[in-house]
Each structure stands twice: as structure tokens, then as C-alpha cells.
Amino acid sequence: MKSAAATPPYTLNHPRWYRKRVSTYWWLQRWEYLRFVLREISSVFIAIFVVETLFQIYALSRGPESYSVFLSVLKNPFVFALNIISFLFVVFHSITWFNLSARAMSIRVGGKKVPGFLISGPNFVAWFVISAVIAWLLLRA
Amino acid sequence: MDAQPTKLRIEPLLWILFSAGGVVAAFLIPIHLFVLGIATPLGWTKTTEYASATAFLAFPIVRLYLLVLCSLPLFHAAHRIRYTLYDGLQIKHLNEVIAVACYGGAVVGTVIAGYLLWNFV
Amino acid sequence: MANTIKLEVSRYSPETDAAPHFQTFEVPFRRDWVVLDALNYIKDKQDGSLTYRWSCRMGICGSCGMLVNGEPKLTCATFLADYAPEPVRVEPLRNFPVVRDLVIAMNDFMRKLQKMKPWLIRKEEKPVSEGEYLQTPEELEAFKQYSMCINCMLCYAACPVYGLDPLFSGPAAIALAQRYNLDSRDQGSKDRFPVLSQHDAIWGCTFVGECTRVCPKHVDPAGAIQQYKLTAALDWVKSVVMPWGGK
């Protein structure tokens, strides 16, 4: 189907042009790239939370002894440290997510573009309110 | 690579799942992780004790909420991890394998969540 | 302040070199000089073989894009005073093949831009006798930002996805497609959709956002791409829910 003169979708190798290979550690070479990769890695900690929640539901379904094993695992120092780190990363996800989604939307009011912080601001407020409601429901000593 | 205007592409669906999962994760996961991973081991709350947690799970709406809380963020994570592996480690030759593993993992997680929550007693 | 400043310039001669190397030049330091002035001084007085692109020297032609201390910049808009007394490192734009010294090959970008059909597409051209197309200020605002692109390719030098995936269309090409999609005079959105909704076009973008940060004309290509992702996703939903109608 391709004709003999079909152009490739990228620039062919020219013997005299210099092409630098992108290093596997490209994401360490600039602070902006590292921040981007950390932002993406926050999704791993989101997955870790889901796995922990699934274990919690599973342990609950197996009875009180099984569940108290689960609770004591949560108290393990390594697991606790992991959860602290995970917490920081999921908060990082939320902050970057609200900022990103503000930039990804183009909302015009009366012909003028709504500035980003007017979109992300309400999102942050909603985040605090929702978190406060859930905290009120679930944090009872 | 040829454009395929009539073929139904899957990328828009994956992106929609990624976005929905990102929203759910952004609003809900920080506080839930705080409750589960920090407040519970430190004894700051009684709601995650056996009796109370089981009582919560009696409500179908709670189970539905947990299903959404577990499923959509998994798809979000799958999408992001897939692209990070693709771009970050430059292992493009494993592209199909990575995609199947990531989204497959999210599907498996969703099925497990659905099964656990449906059959919870 | 000292009255000279050092420039470490990347040199590459395809006839003799296997890879680029740096050559240091010492040029006069003037408060009002930009990097381009320093390069012109070098070529004028020190080494006539130094090869680089430039034209308008006022930030509108898009020719003089290079890496200054690793950051994509227009050298006609980058003041030496911001770097003095440290030496300034000047390299060709990242992610492009180097032809010679500071000159890169832009064929890839030109081809990808052309694929986007960056022109007004009409089902039927309006004859001149019917007069001009009329456009309100609001309709102009909808796409004006994306029309500011000067094709300087700083965004391609900043985009890690473009560096990693040679098939990726890149920020400017997609932003320019959006410039036409959002133009009220244009009727070609459906023509551009198959080209844009591809893995190596919008779906390859992971919203790093570096393109928007380095753009000298504040085009915000990252925003354009994400907005188009939403458009394409909604289109997809429509085509699934109503496969018969719409188009």
C-alpha cells in the first residue's frame, strides 16, 4: 500500500547529522523533568492505597481475628512509614491535579478567559470541605 | 502510521477513565489514606475497629462508594504508570505487554473489589 | 562587573567531528547585549566559521532558538547580563539532529505541522463578491492565543516526550491545529480529527507542561492539547452513544 516515495513519519538518519541519544536518566537532568516524574509516580501510591483498602475489606470479611492481624500490620513501622510517604504523595497528587485541570480547561465568561486560579480555587475549597465531612464521619475517638 | 478515521480508538476511553480516576483520587484518597494509614494505627479513631467498620459496610451505598473509590483510581494509576514506563524507561518494545499488564491489573483490582463488596457479610 | 564574558559554544563540523564539543570564546560584556549579539561578535571578529540561524533579532521570526545553559531560549531575547559573570553555555536545540554547530534540522517539525492541515478549510469557498468573513472579538479571542506561535520550536526542545518518541507530533503542531479548529471561519475540524486523535499525537502527550513554560509568545500549547483531549473524548462518547448521527 505504501508508495515508493512515501515519507516516513520521522526524520531519517542522515549520516552527517548528529543525533544525541536520549539518556535513560533524562528525567534526572533537569529539575522540571524530575518534578514531572515525581508527579506521575504519585499514582503508584494511589494504587498502594487501593490495595490496602482491598486488604482491609478482605480482612473484615474473614472475621475479627483476621482483621486484628490487619490492624497490627498497619502498626508495623515500615508499613506506617510507607503510609506516611504515601500520604504525602497523594496530597501532592491532589495539589498538582487541581492545578493541572485548571490549565486543561478553557472556560470563557462574557468572551474573556477565566483565569486558572478561579477554576482551581473552588476545587481546593471543595477538597477541604469533602475531606472535612469524611473526617467528621470517620475520625471519632 | 496511518490515520484510521473509521476505527473506534480506545485511547479516548482510557483517557476518560484516567481523568475520572484522577478526580476521585484527588478529592477522596488523601483523607481516606489518613484515616486508614495514620489515624488507625495511632489509635485516633474507633470507626475502623471491627464492629464499626462492619456496620459501615452493611450499607449498599457504602459498598458502592468503596467500589468507585477502589476502581477508578486504579485505572488512573494504570494509565499513568503505563506512560511513565513507556517514556521513563524507554522500553517501547514492551509496549503491548506494559499496556496489558497495567490496564489488566486495574481490571483485576476492580473485579476483586466488586467480588469482595458484593459478597461481604 | 568585568567587561568581558565567556561563552561556551557547541561546535560540530560534520566533515571532521564525530560529536559536538565546546569551544570557549571571550566577548565584550555590554549591559544591553543579548546572546545573539555575542554570537554575531564571535562570527564577526573571532571565528567566521561559527554557524547559527537568526533573522529579525526581535523575537518574532522564531529562527534563533537555542539552549542557553540548558534552557530553550530565543537568543535575541536572552540578555548576557542575566548570566554574568558566569560563563554562558550555548547549544543547539535539544531533540533535533544537529546539522552544524548551532543549526538543527527542522524537517520533522515541518512535516508534522503540514499533517495538521494548518490552513482554513471550507466546504465551499466564499466568492470575493460576497465580501469578507466577519468575526466578532469573542470569536477572535477563542483562537488568538494559539495564532501567536512563531514556530521557534523551543517547545519541542523542552518536551521530553518528543525527545523519547520520534513519532510524537509535538506541542506546536497540535496547538496550531487547534488554532484552526477554534477559528470560526474554519470548517475542517473533522478533517483534522483523524490526525490528532492518534497515539503519536494528542494521546502521546502526558501534560509535562514544559512546552508552555518555555514558549516565548505565551501560546500555552499544553493547554491547547489538553483541551483538545477533552473535545476528542466527548466526540468519542458521542460516537459510541449515537453511532448513527452527528457526522
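Residues numbered from 1 in each chain as written. Chains lettered and ligands numbered in written order. Predicted model: local features only at pLDDT ≥ 70, side-chain atom pairs only at ≥ 80, totals over all residues.

K.L.:
Hey, could you go over the overall build of chain A for me, with residue numbers and the actual values?
P.N.:
Helix and strand content of chain A: 4 helices and 2 strands. Reading chain A from its N terminus to its C terminus gives the helix and strand order α-α-α-β-β-α. Whereas a compact globule of 141 residues would reach a radius of gyration of roughly 14 Å, chain A reaches 24 Å, over 25% beyond that. Buried positions account for 23% of the 141 residues belonging to chain A. Considering only contacts in chain A between residues 6 or more positions apart, those separated by 24 or more positions represent 41%. (Helix = DSSP H or I, 4+ residues; strand = E, 2+ residues; numbered from the N terminus. Rg over C-alpha atoms; globule rule 2.2 N^0.38 Å. Buried ≥ 20, exposed ≤ 12 C-beta atoms within 10 Å, placed from the backbone. Contact = placed C-beta atoms within 7 Å.)

K.L.:
Quick rundown of the interface of chain B and chain C? Include the residues and the values.
P.N.:
Across the boundary between the two partners, chain B contributes 12 residues, which contact 16 residues of chain C. At the level of secondary structure, the elements contributing two or more residues to the side of chain B that touches chain C comprise helix 1 (11-39) and helix 3 (60-88) of chain B. Across the side of chain B that touches chain C, the residue classes break down as 8 nonpolar, 1 polar and 3 charged. (Nonpolar A, V, L, I, M, F, W, Y, C, P; charged D, E, K, R; others polar.)

K.L.:
Account for the interface of chain A and chain B, with residues named and values stated.
P.N.:
Taken residue by residue, the interface counts 44 residues in chain A and 46 residues in chain B. Where the side of chain A that touches chain B is concerned, the elements lending two or more residues are helix 1 (31-62), helix 2 (64-75), helix 3 (77-104) and helix 4 (116-138) of chain A. The dominant element in the side of chain A that touches chain B, judged by the number of residues it contributes, is helix 1 of chain A, at 16 residues. In the side of chain A that touches chain B, the residues fall into 30 nonpolar, 10 polar and 4 charged.

K.L.:
So what about the packing of helix 1 of chain A against helix 3 of chain A? Which residues, and what values?
P.N.:
All names here are of chain A. Two elements in contact, helix 1 and helix 3, have axes separated by 8 Å at closest approach and are oriented at 125°. With respect to each other, helix 1 and helix 3 are oriented oblique. As for the relative orientation of helix 1 and helix 3, their crossing is left-handed in sense. From helix 1, R39, S42, F45, I46, I48 and F49 reach across to helix 3, where they touch S86, F89, V90, F92, H93 and T96. Its residues assigned to classes, the contact of helix 1 with helix 3 comprises 7 nonpolar, 4 polar and 1 charged. (Axes fitted to C-alpha atoms, helices over the stretch in contact; angles between N-to-C directions. Parallel < 35°, antiparallel > 145°, perpendicular 65-115°, else oblique. Left-handed = near helix turned anticlockwise from the far one by under 90°.)

K.L.:
An account of the environment of E26 of chain C is requested, with residue identities and associated values reported.
P.N.:
All names here are of chain C. You can see E26 is positioned in strand 2 (residues 21-28). Among the residues examined, E26 registers 14 C-beta atoms within 10 Å and is labelled partly exposed. Residues E26 and A173, spaced 147 residues apart in sequence, show a C-alpha to C-alpha distance of 38 Å. Residues in contact with E26, not counting those within four places in the same chain, are T4 and K6.

K.L.:
Account for the nonpolar core, naming residues and giving values.
P.N.:
Membership of the largest hydrophobic core comes to 68 residues, with the highest contact counts inside it found for L7, V35, M153, C155, I174, L176 and I202 of chain C. Examining the composition of this core, we find that 7 residues originate from one element, helix 6 (residues 171-181) of chain C, more than from any other. The residues that make up this core include at least three from each of domain 1 (4-104) and domain 2 (107-241) of chain C. Sequence-distant contacts of L7 of chain C, defined by excluding residues within four places in its chain, comprise F25, V27, A38, I42, P87, V88 and V90 of chain C. Counting 44 residues, the second-largest nonpolar core is a separate cluster that includes F45 and A59 of chain A together with L36 and F75 of chain B. (Core = buried A, V, L, I, M, F, W, Y, C linked by C-beta atoms within 7 Å. Domains from an automatic or database assignment.)

These results come straight from atomic positions and should not be treated as a statement about function.
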